[in-house]
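As a plain string of letters, each chain reads:
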Amino acid sequence: DQAEDGIRDAQESRGLGDVSKSQVSAECANTEGSFDCSCNVGWTGPGVTCSNIDECTLEFDNCDANSFCIDTVGSFLCLRNNGYTGVGTSRTDAY
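Remember, predicted model here, so these are calculated numbers, not experimental data.

**Brief notes about the environment of W43**
Here is step 1 of the chain: Along the chain, W43 falls in strand β3 (residues 43-44).
Here is step 2 of the chain: For the pair formed by W43 and A26, sequence separation is 17 residues and the distance between their alpha carbons is 8.0 Å.
Here is step 3 of the chain: Not counting the four nearest positions on each side in its chain, W43 is found in contact with S25, C50, S51, N52, I53, V73 and G74.

**Brief notes about the state of the cysteines**
Here is step 1 of the chain: With the rule as written, the count across this model stands at four disulfides.
Here is step 2 of the chain: The disulfide partner of C28 is C37, and the S-S distance across this bridge is 2.0 Å. Between C28 and C37 the disulfide shows an S-S torsion of about 110 degrees. By sign, it is right-handed.
Here is step 3 of the chain: Judged by relative accessible area, which is 15%, C37 ranks as buried.

**Some thoughts on the confidence of the model for the chain**
Here is step 1 of the chain: Considering every residue of the chain, the mean pLDDT works out to 78; 69% of them sit at 70 or more.
Here is step 2 of the chain: Per-element averaging of pLDDT across the chain places helix α1 (residues 2-22) at the bottom with 45 and strand β5 (residues 67-72) at the top with 95.
Here is step 3 of the chain: A low-confidence stretch, residues 1-8 (pLDDT under 50), is modelled with zero contacts involving residues beyond four sequence positions or located in other chains.
Here is step 4 of the chain: Low confidence marks residues 16-22, where pLDDT is under 50. Its contacts with residues over four positions away, or in another chain, come to six contacts.

Criteria and cut-off values
- Residues numbered from 1 in each chain as written.
- Predicted model: local features only at pLDDT ≥ 70, side-chain atom pairs only at ≥ 80, totals over all residues.
- Heavy atoms only, no water.
- Helix = DSSP H or I, 4+ residues; strand = E, 2+ residues; numbered from the N terminus.
- Contact = heavy atoms within 4.5 Å.
- Disulfide = S-S within 2.5 Å.
- Buried < 20%, exposed > 50% of the residue type's maximum accessible area, 1.4 Å probe, protein only.
- pLDDT = per-residue confidence, 0-100.

Shown next, in the form of structure tokens:
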């Protein structure tokens, strides 16, 4: 009946709210009778649980040869080697 469906839907929404508050690595949407989650960019997994992707180890970064990659939660940074300036994805000599 509609009243029971409404109660179940409200319970799922409450559970979904708990998931989305504690899990910044995924986006979740309420569906009739359930919910669907998918991992955000920089994360991998089935959606309800997601793990950070280490872009540096997997060489998914775009750091240039005069930079080194530092993995961050959900992303990465390109830091310049000594003697170079810039953002780490394009070369500029500091000297």
